[in-house]
Structures are given as C-alpha cells and as structure tokens.
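Now for the letters of each chain:
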Amino acid sequence: MRIDIKLAELKQVYFLGIGGIGMSAIARWFLQNGFPVAGYDKTESPLTKTLVEEGMDIHYTDDVAMIPSICLENPAACLFIYTPAIPTDHIEKNYLINAGITLWKRSQILGWMTEQIPTLAVAGTHGKTTTSSLLTHLLVQAHKNVTAFLGGITQNYGTNFIPNKGQENIVSVVEADEYDRSFLTLHPQAAVVTSTDADHLDIYGAAEQVLESFQLFVDQIQPGGFFIQKEGLTLTGPAGSQTYGIEKGDYQAQNIRIENHRMVFDLQYPGGKITDIPMRIPGFHNIENALAAAALAMFHGLSPDEVKAGIASFKGVKRRFEYHLETEEHVMIDDYAHHPTEISACLRSVKALYPNEKLVAVFQPHLFSRTRDFLEEFGESLALADQIYLLDIYPARELPIPGIDSNLLLKKIPSEKKEVISKTALIEQMRLEKPKLLVTMGAGDIDLLLNDLKMAVTS
C-alpha cells in the first residue's frame with residue numbers, strides 16, 4: 001500500500017508503542033517538524049520521560065479515552081503509527097482497526113520518510129546500532145547535512161535522532177532492522193550488512209529465511225549504489241560490492257594493539273591506508289563496526305583524515321560496551337548483548353583488555369523463544385566468563401514457554417562457577433564479592449540495576 005501523507009493537513013501524530021527506540025526516533029522527527037505528537041506505551045521509562053520533556057503527550061494506560069480527541073473526532077487529520085511489538089489484544093489498536101482507521105507500521109513510515117533522500121543503511125543481526133551511530137558521527141563531524149534514525153542513544157549527542165539542518169544536500173542514516181522484515185521498506189543508495197546470524201526465529205522460522213530476507217534487502221539498493229558486507233558473508237550485491245574484516249577484505253583493520261586498555265589500529269582501504277586510529281570504544285567487534293562505518297563514510301565523500309578524527313572522537317552508544325566504572329579498583333561494563341554471538345564478542349573483548357582479571361558476568365536472557373532456540377550456543381558463549389550469574393528470562397512480548405527458564409540454561413553452561421540469582425540477591429552478592437571486573441549483559445531491564453550494582457561494588 002502506497003503511503004500518501006499530506007503533511008499540510010496533518011494535525012496530530014499518534015504512536016502505539018512510542019517508547020520503543022525506533023519509534024521514538026520517528027516521533028522526534030515529527031516533533032522537530034512542528035507536528036503535535038502523542039502516544040501510548042506500556043511503562044514509563046527514562047526515554048519516555050525525556051520525550052515528555054521535549055513536548056510529547058504520553059500515557060501508560062491502554063484506554064481509548066486517552067487517545068487525543070482530535071484523532072477520534074477527525075481521524076483523517078491524524079497519522080497513526082504502531083510497532084509490531086504491540087500485542088494483538090491491545091484495546092486501543094483494535095478500536096482503531098475496527099473503526100476502519102489506517103494504522104501504519106513504524107517501518108513503513110521510515111521508508112516513506114527516507115524515499116526522497118539519499119540513504120545510507122546499516123543492517124545486520126549484530127552491530128548495526130554502533131555502526132550506524134558511528135557513521136552518523138563521522139558525517140556530523142565532517143559537517144555533512146545528515147538526518148539519522150538510530151536504534152540507541154548516542155553518547156556524543158544524547159539522542160537516537162539527528163535532525164537535518166536545512167533542505168540542501170541531506171543524507172539520511174538509517175538503522176535497517178531485520179525484525180518483522182522491517183528493512184524491506186528501504187531503498188538505500190548505499191548499505192552495509194554486518195552479520196546474518198540466525199535470530200528472530202519466532203518471526204522467520206529458520207535461518208534460511210533470515211538469510212533470504214537479507215538478500216532481498218540488498219537487492220533493493222538503488223542502481224549504481226554501493227554495498228559492503230563483512231568478510232565471509234555470502235550475499236550478492238551490485239557490481240563493485242566490497243568486503244571488510246580484521247586482516248582480510250577490501251577494508252581491513254591491521255596492526256591492532258592495546259594501549260592503556262584501549263585499542264589502536266591501522267585501516268587499509270582500496271587506494272590507501274589510515275594509520276594509528278585510536279578507539280574510545282573497545283572491542284574487536286567495534287573495530288569491525290568502524291571499518292563498515294568508514295567504508296560508507298568514504299563512499300559519501302569523507303577524507304581519510306575526517307574518518308580518523310571521527311572514529312577517534314566517537315564515545316559510543318549507551319548500553320553498547322558502556323563503562324560505568326573505570327578505576328584502578330573496579331571496572332564495570334554494561335552491554336546490550338542478547339545473542340550468543342554478541343555475548344562471545346563482548347566477553348572476548350573484555351578478556352583481551354583485562355587479561356589478568358577475574359571476569360564476573362551477569363546475564364539476563366531475553367525472550368523464551370530465543371533462549372530455547374540457542375540453548376547450546378548460549379552455554380558456550382557464557383562459559384567465557386570466569387563466573388556467571390543468570391537472572392530470570394525477560395519475556396518482552398512473549399508468554400512463558402513450559403520448561404524454558406534460566407535453570408535450564410544454567411545446565412548448558414560448562415562451568416563450575418555459575419548460579420541463577422534474583423535481582424535483589426544479586427545486589428547483595430556484589431556487595432559481598434566486590435568484583436574488580438564486572439560485566440552486565442542483556443536486552444531486557446537489567447540496565448535498571450546498574451546504579452545499585454555500582455554502589456554495591458564500590459561501597
């Protein structure tokens with residue numbers, strides 16, 4: 001269905017699931033462009049509080065009466081946007097559907113917003129938030145007129161949305177989300193795929209369907225466009241497609257070394273080399289992300305010096321290898337890792353940076369289905385820690401699956417020092433243990449424990 005939005009007639013924009021990281025970026029775009037924004041979300045969060053402070057009207061009760069009156073009285077003057085994470089029995093959503101009102105998916109609106117603008121898209125089951133955020137930072141630092149829709153809160157700018165300045169020479173950066181095949185609404189000028197690991201099998205059913213969906217995304221790159229993928233992936237891109245990787249590919253990271261618990265590397269690219277690039281964000285996986293961002297940035301015209309300066313000044317993304325403590329006595333790192341590949345990348349990088357320290361890790365599994373689908377892989381990746389604490393599974397959009405819980409996952413970890421623990425008991429355990437090197441991981445609400453954990457470790 002073609003989206004035909006007459007902005008001149010639009011009086012209100014209403015979001016179902018406004019607190020989602022992708023939804024809130026789009027909500028910010030409409031607010032920045034002068035449209036009243038309102039929405040529903042299940043729970044209040046630091047992000048929704050910020051959105052309210054910015055001028056949005058948000059409620060947390062699923063009640064038709066809470067929908068702005070203009071949307072009920074004159075639906076034609078309103079734009080209704082929802083996230084697929086909204087449950088099928090949602091009262092407001094079903095009321096709007098039964099009333100014959102058109103609801104648009106977030107991904108459809110994102111496709112509409114970017115269809116007339118040259119778009120640089122970052123896709124992949126891992127790494128897309130950091131890569132797209134770094135790419136955005138490279139462009140902003142090089143004074144390009146960029147508008148960006150990101151899947152995380154950047155440390156440099158404190159937001160997941162970067163507005164363009166004026167209407168001349170705009171380029172958009174989009175985090176292209178594979179969930180629910182959302183990225184198939186995009187037709188980018190250039191794109192990167194960082195990984196195609198099996199994930200979201202509750203949506204896709206099998207790994208083959210995940211790969212097929214990524215190929216369909218790549219097929220939508222505009223004629224004459226640019227495509228780069230991580231070395232080892234098997235997607236077929238347009239003529240001139242390139243690869244990147246550590247010591248392999250068209251864009252290579254070479255001479256990687258650790259200096260003062262930070263990584264430094266050289267970037268070999270077609271036609272030249274950038275030497276001695278310092279990374280403020282650690283991790284071998286983040287070096288790979290930097291390669292991907294650099295390739296798209298150089299495609300858009302950035303110079304080697306601009307790329308080096310941008311990478312060196314990038315502070316990272318909240319909940320992506322984010323330091324909460326970094327002293328001689330304690331290091332505490334939080335990461336959004338919720339897939340076995342991400343957990344392995346996180347823990348391997350921590351061990352490389354702090355090879356002589358005992359690594360204590362806390363993991364909150366995300367989704368019953370993902371835990372079930374990757375039980376063995378989770379066990380192997382979590383075993384990289386010297387000691388592991390498991391919280392209960394965070395259900396998100398799912399109902400429990402009989403027999404699938406953290407105790408089952410615990411049995412799959414081939415380690416002796418492992419334990420399922422409650423949030424309250426975890427805080428007390430950290431107060432007693434006071435580990436020097438602590439890593440927290442998960443995509444649920446584990447981040448709400450960070451302040452208490454920090455106080456427990458240092459008290």
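The rules behind each value
Residues numbered from 1 in each chain as written. Predicted model: local features only at pLDDT ≥ 70, side-chain atom pairs only at ≥ 80, totals over all residues. Heavy atoms only, no water. Helix = DSSP H or I, 4+ residues; strand = E, 2+ residues; numbered from the N terminus. Rg over C-alpha atoms; globule rule 2.2 N^0.38 Å. Buried < 20%, exposed > 50% of the residue type's maximum accessible area, 1.4 Å probe, protein only. Contact = heavy atoms within 4.5 Å. Areas by Shrake-Rupley, 256 points an atom, 1.4 Å probe, with all protein chains shown as cover. Lys, Arg positive; Asp, Glu negative; His and termini not counted. Charge placed at Lys NZ, Arg CZ, Asp CG, Glu CD. 1 Å grid on protein atoms, 1.4 Å probe; cavity = no way out; pocket = protein on both sides within 12 Å on 5 of 7 lines; lining within 4 Å. Points joined across faces, edges and corners; volume = space filled by probe spheres on them. Axes fitted to C-alpha atoms, helices over the stretch in contact; angles between N-to-C directions. Parallel < 35°, antiparallel > 145°, perpendicular 65-115°, else oblique. Left-handed = near helix turned anticlockwise from the far one by under 90°. Nonpolar A, V, L, I, M, F, W, Y, C, P; charged D, E, K, R; others polar. Phe/Tyr/Trp six-rings, centres within 6.5 Å; stacked < 30°, edge-to-face > 60°. Lys NZ or Arg CZ within 6 Å of the ring centre and 35° of its normal.

Caption draft 1: Layout of the overall build of the protein. A tally of regular secondary structure across the protein gives 16 helices and 21 strands. By the compact-globule yardstick of 23 Å for 459 residues, the protein fits well, its C-alpha radius of gyration being 22 Å. In terms of overall dimensions, the protein has a C-alpha envelope of 65 × 55 × 40 Å along the principal axes. Among the 459 residues that make up the protein, the fraction classed as buried is 55%. Sequence separation of 24 or more characterises 68% of the internal contacts of the protein that already satisfy a separation of 6 or more. Surface summary for the protein: the accessible area is close to 19300 Å², and the carbon and sulfur share equals 49%. The protein carries 39 positive and 56 negative side-chain charges, and their two centres are separated by 3 Å.

Caption draft 2: A look at empty space enclosed by the protein. Scanning the entire structure with this criterion turns up two cavities of 30 Å³ or more. Around the largest cavity, the lining residues are R106, S107, L110, E175, A176, D177, S182, F183, T185 and L186. At the level of secondary structure, the elements contributing two or more residues to the lining of the largest cavity comprise α5 (106-114) and β9 (170-176). Per-element tally for the lining of the largest cavity: the top contributor is α5, with three residues.

Caption draft 3: Up close: unusual backbone geometry. Here the phi dihedral of E247 falls at roughly 60 degrees; this positive angle occurs in a residue that is not glycine. Structurally, E247 is set in the loop between β12 (242-246) and β13 (251-259). Judged by its relative accessible area of 58%, E247 falls in the exposed class. Positive phi, normally seen in glycine, also occurs at N255, with a value near 55 degrees.

Caption draft 4: View of the packing of helix α1 (residues 21-32) against α5. Relative to each other, α1 and α5 sit at 45 degrees, their axes nearing to 10 Å. Relative to α5, α1 is oriented oblique. Where α1 crosses over α5, the two elements pack in a sense that is left-handed. Residues G22, M23, I26, W29 and F30 of α1 form the contact with α5, whose own contacting residues are R106, I109, L110, W112 and M113. Considering only residue class, the contact of α1 with α5 consists of eight nonpolar, one polar and one charged.

Caption draft 5: Inspection of the packing of aromatic side chains at higher detail. A complete count under the given rule lists twelve aromatic pairs for this structure. Taken together, a centroid distance of 5.2 Å and an interplanar angle of 85 degrees make the contact between F183 and F214 edge-to-face. With F183 in the loop between β9 and β10 (190-193) and F214 in helix α8 (residues 207-219), this residue pair connects regions lying 31 residues apart in the sequence. With respect to burial, F183 and F214 carry one shared label: buried. Three or more aromatic residues link up through ring pairs in this structure, and these residues are F15, W29, F30, F35 and W112. Between the NZ or CZ atom of R320 and the centre of the ring of Y336, over which it lies, the distance is 4.1 Å.

Bear in mind that shape data such as this cannot, by itself, settle questions of function.
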